[in-house]
Amino acid sequence: QVPLVESGGGLVQAGGSLRLSCVHSGRPSGRPFSNYAMGWFRQAPGKEREFLAVINWSGSSTVYADSVKGRFTISRDNAKDMVYLQMNTLKPEDTAVYYCAGRLFKIATVQADFSSWGQGTQVTVSS
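For clarity, every value in this text was computed on a predicted model and none was experimentally measured.

I keep staring at the sheet that holds strand S8 (residues 82-87) and nothing clicks. Help me out?
The strand order S1-S3-S8-S7 describes an open sheet built from four strands, whose pairing is antiparallel. Only two strands of the sheet have a single neighbouring strand rather than two, namely strand S1 (4-7) and strand S7 (72-77). Neighbour to neighbour, the strand axes of the sheet diverge by 15° on average, direction disregarded. Here strand S3 (residues 18-24) runs beside S8; their pairing, made up of six bridges, is antiparallel. Within S8, the residue paired with Leu18 across the bridge is Met87.

Sorry, what's going on with the pairing of strand S5 (residues 50-55) here?
Most of S5 sits out of view: five of its six residues are buried. Sheet topology places strand S4 (residues 36-43) next to S5; five bridges connect them, and they run antiparallel. Considered in S5, the bridge of Arg42 is made with Glu50. Linkage of S4 to S5, two consecutive antiparallel strands, is achieved through a turn of six residues, within which Gly46 is found at a positive phi near 75°. Sheet topology places S5 next to strand S6 (residues 62-64); three bridges connect them, and they run antiparallel. Among the inter-strand pairings, Ile55 is bridged to a residue of S6, identified as Thr62. Remark: six residues form the turn of the hairpin made by S5 and S6, two consecutive strands paired antiparallel; Gly59 in that turn has positive phi of roughly 85°.

It is not clear to me how the side chain of Thr121 should be interpreted in this structure. Could you clarify?
Turning to its location among the elements, Thr121 is positioned in strand S11 (residues 121-126). Since its relative accessible area comes to 10%, Thr121 is described here as buried. Side-chain polar atoms of Thr121 contact the backbone nitrogen of Gly9, separated by 3.2 Å. Each residue touching Thr121, except ones within four places of it in the same chain, is listed here: Glu6, Ser7, Gly8, Gly9, Leu20, Ala96, Val97 and Tyr98.

Reading the values: rules and limits
Residues numbered from 1 in each chain as written. Predicted model: local features only at pLDDT ≥ 70, side-chain atom pairs only at ≥ 80, totals over all residues. Heavy atoms only, no water. Pairing = 2+ DSSP bridges. Helix = DSSP H or I, 4+ residues; strand = E, 2+ residues; numbered from the N terminus. Axes fitted to C-alpha atoms, helices over the stretch in contact; angles between N-to-C directions. Buried < 20%, exposed > 50% of the residue type's maximum accessible area, 1.4 Å probe, protein only. Polar contact = N/O pair within 3.5 Å; in protein donor to acceptor, adjacent residues only side chain to side chain. Contact = heavy atoms within 4.5 Å.

Here is the structure:
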């Protein structure tokens, strides 16, 4: 079973918006969802997986990559074990597979610091 499942990807024209969702799937985790910092990454064909955004347990602290700052917004709903990525003003270069990730306690921006991953959802932005 995959602990995290992303949804909400699809095809959108440049300038449009999408909201991605990520939910814990399968058996409950051994820790409360609020113990985890949650992040979003993406990977385009032939490129390294790229950090996008991360949010702390309460939503009071966020960090964004420069490439998406001002366009993307990360949020969470601990009552639903959900994390979201609102993506606005999408560009063709945003086309990638988007991944949800989690790690205990402190926020991080490096892929290796996240221990839980979803399998990704495809986002395609046309010109």
